[in-house]
Amino acid sequence: MHSVYFTSAQKQRLVELNYAGTEPESGFETPEARDAAYRRLSAELVKKNRELLAKALYHGEKSTVALVAERLESWLGEMGFAEVSTPHIITAQCLDKMSITESHPLRKQVFWLDGGRCLRPMLAPGLYTLMRDLHKALNKPVRIYEIGTCFRKEQRGAGHLNEFIMLNLVEYASVKQGEQQNRLRELASLAMSAAGVEGTEIIAETSDVYGETLDIIRQGTELASGATGPHALDAAWGVFETWVGLGIGIERVAMAVSGHSGVGRLGRSTAYLNGARIN
């Protein structure tokens, strides 16, 4: 059994270059053999990164994040959903109405601008307000979606970003009581198909905000999460009709589509461009 393996620095560099393989289980015979293998792998990966960068810069290739968003927005248009845009800055009262009070764990993840305003950690407050007011104005079912940036002080990891893109869709006053869960499952399945993601499963989970949710999971990573109403949060927003809502993490879906090992290389960055390491 050989006992020479890639160093921590070599492993980190290979990960940065999007190396998907592993070193031999038996290791290498000598440090020289290991270093030669590292140089060969890193050279191959650098070449591949340069090719990917050139495609993005000179051949008009869209980023995977943009493609995923485009696919989902096209599908939503076909389904009759209208796009809306709500403010990035929300009030502390909005968080309170979402049950994210001073004692709630998510409150510590909020980026505060001052004592009463913050960068939104989710799209729900704006959508709650719009679906209520649009229904009052038109007295008809409301189908809307928003795609926008959210901000949270997340732990570092393959599936987390401090600044990430969400797509939230909601159907309000259009689904009969008792049919919300079936509709949510249908929308979840259609959304993943539209995005080009395969091999997902829908699992009942528990959320810090919504309580019981239906989450779309792929290889252990949550890509989307859905909830339905009437819900305990509704009264605070003056919402009294049935609703079905689904929130989709765009970078996570792009990670599933592209096969990358983490969302960091697909999010807003000065180190990566569409998954390719710049340095």
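Notes on the structure in this doc start here. The model shown is predicted, which means the values in this text are computed figures rather than measured ones.

Observations concerning helix α2 (residues 31–58)
Between its first and last C-alpha atoms α2 spans 40 Å; for 28 residues at 1.5 Å apiece the expected length is 40 Å, and the two agree. Listing the buried residues of α2 in full gives Arg34, Ala37, Tyr38, Leu41, Ser42, Leu45, Asn49 and Leu53. Where the residues of α2 are buried, they touch α1 (8–16), β10 (272–273) and β11 (276–277). After α2 finishes, the residue Gly60 shows a positive phi value of roughly 70°.

Comments concerning the environment of Gly148
In this structure, Gly148 sits in strand β4 (residues 142–151). In this structure Gly148 comes out as buried when scored by relative accessible area, which is 10%. When neighbours within four sequence positions are excluded, Gly148 is seen to be in contact with Arg120, Leu123, Phe164, Ile165 and Met166.

Regarding the pattern of salt bridges
Oppositely charged side chains may form a pair once their charged atoms are brought near each other. Enumeration over the complete set of coordinates arrives at 14 salt bridges. Two residues, Asp96 and Arg107, come together in a salt bridge whose shortest N-O distance is 2.9 Å. Note that Asp96 is positioned in helix α4 (residues 92–97) and Arg107 in the loop between α4 and β3 (117–119), a separation of 11 residues in sequence. Across the salt bridge formed by Arg117 and Asp114, the nearest N and O atoms sit 3.0 Å from each other. Overall, the relative accessible area of 40% leaves Arg117 in the partly exposed class. By sharing partners, the salt bridges in this structure join Arg143, Glu171, Arg183 and Glu186 into a single network.

Focus on the packing of helix α3 (residues 64–78) against helix α6 (residues 180–195)
Where α3 contacts α6, the two axes come as close as 8 Å, and the packing angle between them is 130°. As judged from the angle between their axes, α3 and α6 are oblique. Along this stretch, α3 crosses α6, giving a crossing that reads as right-handed. Mapping the contact onto sequence places Val68, Arg71, Leu72 and Trp75 in α3 and Leu187, Leu190, Ala191, Ala194 and Ala195 in α6.

Each value, and the rule that gives it
- Residues numbered from 1 in each chain as written.
- Predicted model: local features only at pLDDT ≥ 70, side-chain atom pairs only at ≥ 80, totals over all residues.
- Heavy atoms only, no water.
- Helix = DSSP H or I, 4+ residues; strand = E, 2+ residues; numbered from the N terminus.
- Expected span 1.5 Å × (residues − 1).
- Buried < 20%, exposed > 50% of the residue type's maximum accessible area, 1.4 Å probe, protein only.
- Contact = heavy atoms within 4.5 Å.
- Salt bridge = Lys/Arg side-chain N within 4 Å of Asp/Glu carboxyl O.
- Axes fitted to C-alpha atoms, helices over the stretch in contact; angles between N-to-C directions.
- Parallel < 35°, antiparallel > 145°, perpendicular 65-115°, else oblique.
- Left-handed = near helix turned anticlockwise from the far one by under 90°.

Purely geometric stuff here, so don't read any function into it on its own.
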